[in-house]
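Listed below, chain by chain, are the residues.
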Amino acid sequence: MDERIAGLAGLPIAELRMVWSDSWGTPPPKGARRRLLMLGIAWKCQADTLGGMSRQLERRLAALEASFGQGGTVDARAAKQASAPRLLPGTRLMRAWGDERHEVIVTETGFLWRGKCWTSLSAIARAITGSRRNGPAFFGLRDGDAA
């Protein structure tokens, strides 16, 4: 794969267009420049070898596309919410804080912690820490470590 990608730089643009067509199964976009062709071919090669987009990214792109198609503008916030991972009822979230281990159970309507129903992970994180926290980040559901 690496050799194939590295070899793209030495191909004439007519050959890059043929490689694009072979890789994607469609002709390249009209007016596509050399760099776009090379990037598109390289991405396709990597996706075929290593796997393409995640389902989360596909959902987010679909939401952006739908938003753009409806009003000609992109609602990034709605797309981000559409791609947010869904927690299934019965999922257990655990977090150690101080000398205690806290366990939260996802329910149909929210979260169960210490025998009480909560509607927000952030409210639970605030009750545990005594300060305002992003609940999903606190429980390790966001990119990066739990805060």
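Above this text you will find the structure in question.
Keep in mind that what you see is a predicted model, and the values were worked out from it rather than measured.

Further remarks concern helix α2 (residues 13–24). Every α-helical turn comprises 3.6 residues, leaving residues that sit three or four positions apart pointing alike. End to end, α2 covers 16 Å across 12 residues, agreeing with the expected 16 Å (1.5 Å per residue, within 8%). Within the sequence span of α2, burial applies to L16, V19, W20 and S23. Looking straight down α2, one finds its buried side chains confined to an arc of 105°; they lie on one side. Facing away from the buried side of α2 by more than 90 degrees, the exposed set consists of M18 and D22.

Looking now at the packing of α2 against helix α3 (residues 34–50). Relative orientation of the contacting elements α2 and α3 amounts to 30°, with a least axis distance of 10 Å. Crossing angle aside, the handedness with which α2 passes α3 is left-handed. Here I13, L16, R17, V19, W20, S23 and W24 of α2 come into contact with α3, specifically with R34, L36, L37, M38, G40, I41, W43 and K44. A breakdown of the residues in the contact of α2 with α3 according to their chemical character gives 10 nonpolar, two polar and three charged.

With that out of the way, let us pick up the packing of aromatic side chains. The final tally for this structure, using the stated rule, is five aromatic pairs. Centroid distance F138 to F139: 5.1 Å. Interplanar angle 85°. Geometry classified as edge-to-face. A cation over an aromatic ring shows up here: K44 above the ring of W24, its NZ or CZ 5.2 Å from the ring centre. One residue, K116, lies across the ring of W118, its end atom 4.4 Å from the ring centre.

Strands sit in the order β1-β2-β3-β4 across an open sheet of four strands; the sheet is antiparallel. Each end of this open sheet is capped by a strand with a single partner; those strands are β1 (92–97) and β4 (116–118). If you compare each strand with its neighbour and ignore which way they point, the axes differ by 30° on average. Seen against the sheet, helix α6 (residues 121–129) touches β1, β2 (100–106), β3 (111–113) and β4 and runs at an angle of roughly 15° to β3.

Pairs can form between side chains of opposite charge once their charged atoms are near each other. Taken as a whole, this structure holds four salt bridges when the rule is applied. The salt bridge partner of K44 is D48, with a shortest N-O separation of 3.4 Å. You can see K44 and its partner D48 sitting in helix α3, four residues apart, about one turn around the helix. Residue class for K44 comes out buried when judged on its relative accessible area of 19%. A relative accessible area of 54% places D48 in the exposed class.

Calculation rules
- Residues numbered from 1 in each chain as written.
- Predicted model: local features only at pLDDT ≥ 70, side-chain atom pairs only at ≥ 80, totals over all residues.
- Heavy atoms only, no water.
- Helix = DSSP H or I, 4+ residues; strand = E, 2+ residues; numbered from the N terminus.
- Expected span 1.5 Å × (residues − 1).
- Buried < 20%, exposed > 50% of the residue type's maximum accessible area, 1.4 Å probe, protein only.
- Arc of directions from axis to C-beta.
- Axes fitted to C-alpha atoms, helices over the stretch in contact; angles between N-to-C directions.
- Left-handed = near helix turned anticlockwise from the far one by under 90°.
- Contact = heavy atoms within 4.5 Å.
- Nonpolar A, V, L, I, M, F, W, Y, C, P; charged D, E, K, R; others polar.
- Phe/Tyr/Trp six-rings, centres within 6.5 Å; stacked < 30°, edge-to-face > 60°.
- Lys NZ or Arg CZ within 6 Å of the ring centre and 35° of its normal.
- Pairing = 2+ DSSP bridges.
- Salt bridge = Lys/Arg side-chain N within 4 Å of Asp/Glu carboxyl O.

By themselves these figures say nothing about function.
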